[in-house]
Amino acid sequence: MAFKSDTEGAVSIKRSAVTVTEAYVNMCKKTSKGYTLIIGKREIEKMDLIYDYLDDIQGDIFSLDRKELEKKYFEICKHTVNKDIAQKIQQVDLNNYTASLIQKFQQILQHSAIKDLTAIYFEYDIDNNWEGTFFLCPDYISLSEEDDDWAADWIEVVDGPSLPPFSEIYDQYGGFEEDDEAGVTIYLIVRTILAFMASAQFVNTDVPVCIAYHDQDPIIRIKEDE
């Protein structure tokens, strides 16, 4: 998201309904919950890198196959941090995580609320053991409208799986402030998305299927309306 200059020496941006103004300078901690602290312009520019990656991911999902997507963000992680950490992320076995997601999808399709379902939104919490939750939403707004308020309204919630190995790697190496932290975080995000995509392909549903970490903006679309 581009910066908007309000006055000379002051920069404000909006992310997840939180406005950050450079005129008030404070320290910034590692957080996935948008701009929850007031920080200076230099720190804003660093943190904004992760959102540039997220914007790229949405386009990549529709233009790259899964192997190409994995390779692209492995290389980003390798070059922003190092090969060892990139391989550490790559070597986490996601088979059980994917199988659990498939099971939850099947549970959703048998749910009594399915007749009122307009979209399936999966959210995982980077700051809480990568715990996941499915939200069954009665409304949906397409990606082109740039409005994700629909995801805040749901008719049913289904608990999803957690992913402790990713949480541990994020706590040790990830973050949103520095380039190397962003490289780790975005590769963890992409592998989470890839597992979700792998599970969603086994589900026969015509509704949009979306994913994001808690408080992410924008939400990633895996599948839009048929």
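Residues numbered from 1 in each chain as written. Predicted model: local features only at pLDDT ≥ 70, side-chain atom pairs only at ≥ 80, totals over all residues. Heavy atoms only, no water.

Undergrad: What is the right way to read the overall build of the protein chain from this model?
TA: Along the protein chain, the regular secondary structure elements total 6 helices and 8 strands. For the protein chain, the succession of helices and strands along the chain, N to C, is β-β-β-α-α-α-α-β-β-β-α-α-β-β. Pairs at least 24 residues apart make up 60% of the contacts formed inside the protein chain by residues separated by at least 6 positions. Only carbon and sulfur atoms are counted for the fraction: they give 45% of the accessible area of the protein chain, which is about 11200 Å². (Helix = DSSP H or I, 4+ residues; strand = E, 2+ residues; numbered from the N terminus. Contact = heavy atoms within 4.5 Å. Areas by Shrake-Rupley, 256 points an atom, 1.4 Å probe, with all protein chains shown as cover.)

Undergrad: Got a minute to help me understand the environment of Ile220 in this structure?
TA: Positionally, Ile220 belongs in strand β8 (residues 220-223). Ile220 gets classed as buried once you look at its relative accessible area, which sits at 1%. Counting along the chain gives 10 residues from Ile220 to Cys210, while the straight-line C-alpha distance between them is 5.6 Å. Those residues in contact with Ile220 that lie beyond four places of it in its chain are Leu54, Ile57, Gln58, Ile61, Ile193, Val209, Cys210 and Ile211. (Buried < 20%, exposed > 50% of the residue type's maximum accessible area, 1.4 Å probe, protein only.)

Undergrad: I tried to follow the layout of surface pockets on my own but got confused; where do I start?
TA: Empty pockets left among the atoms are what a rolling probe the size of a water molecule brings to light. If you add up the space inside the second largest pocket, you get close to 210 Å³. Taken together, Arg66, Lys67, Glu70, Val92, Asp93, Leu94, Asn95, Thr98, Arg191, Leu194, Ala195 and Ala198 make up the full set of residues lining the second largest pocket. Elements represented by at least two residues in the lining of the second largest pocket include exactly α2 (66-80), α4 (95-109) and α6 (179-200). Considering each element in turn, the lining of the second largest pocket owes the most residues, 4 residues, to α6. Among the residues forming the lining of the second largest pocket, the class breakdown is 5 nonpolar, 2 polar and 5 charged. (1 Å grid on protein atoms, 1.4 Å probe; cavity = no way out; pocket = protein on both sides within 12 Å on 5 of 7 lines; lining within 4 Å. Points joined across faces, edges and corners; volume = space filled by probe spheres on them. Nonpolar A, V, L, I, M, F, W, Y, C, P; charged D, E, K, R; others polar.)

Undergrad: For this particular structure, what's the right way to read the nonpolar core?
TA: General note: in soluble globular proteins, nonpolar side chains tend to be found buried as a group. Residues Ile57, Ile89, Phe134, Ile186, Ile193 and Phe196 are the most contacted members of the largest nonpolar core, which totals 55 residues. In terms of residue count, α6 provides more of this core than any other element does, 13 residues in total. One finds Tyr121, Phe135, Tyr140 and Ile219 within the second-largest nonpolar core, a separate group that totals 10 residues. (Core = buried A, V, L, I, M, F, W, Y, C linked by side-chain atoms within 4.5 Å.)

Undergrad: Looking at this structure, I do not really get α6. What am I missing?
TA: For an α-helix, 3.6 residues make a turn, and residues three or four places apart therefore share a direction. Between its first and last C-alpha atoms α6 spans 31 Å; for 22 residues at 1.5 Å apiece the expected length is 32 Å, and the two agree. Burial analysis of α6 places 20 of its 22 residues in the buried class, the great majority of the element. (Expected span 1.5 Å × (residues − 1).)

Undergrad: Sorry if this is basic, but what is going on with the side chain of Thr98 here?
TA: Relative to the elements of secondary structure, Thr98 occurs in helix α4. Leave out the neighbours within four places in its chain, and Thr98 touches Ala195, Ala198 and Ser199.

Undergrad: Looking at this model, I keep getting lost on the sheet that holds strand β7 (residues 209-213). Mind explaining?
TA: Backbone hydrogen bonds hold the strands of a sheet together, and the pairing may be parallel or antiparallel. Read across the open sheet, the 5 strands follow the order β6-β5-β4-β7-β8; overall the sheet is mixed. Either end of the sheet is taken by a strand with one partner, and the two such strands are β6 (156-159) and β8. This sheet shows a mean twist of 25 degrees between the axes of neighbouring strands, independent of strand direction. Here 3 bridges tie β7 to β8, and the two strands are oriented antiparallel to one another. Each bridged residue has a counterpart across the sheet, and for Cys210 the counterpart in β8 is Arg221. (Pairing = 2+ DSSP bridges. Axes fitted to C-alpha atoms, helices over the stretch in contact; angles between N-to-C directions.)

Undergrad: How should the packing of α4 against α6 be read in this particular structure?
TA: Between two packed helices, the angle of one axis relative to the other and the distance separating the axes together describe the packing. Two elements in contact, α4 and α6, have axes separated by 8 Å at closest approach and are oriented at 45 degrees. By the angle between their axes, α4 is oblique relative to α6. The chirality of how α4 crosses α6 is right-handed. Mapping the contact onto sequence places Tyr97, Thr98, Leu101, Ile102 and Phe105 in α4 and Thr192, Ala195, Phe196, Ala198, Ser199 and Ala200 in α6. (Parallel < 35°, antiparallel > 145°, perpendicular 65-115°, else oblique. Left-handed = near helix turned anticlockwise from the far one by under 90°.)

By themselves these figures say nothing about function.
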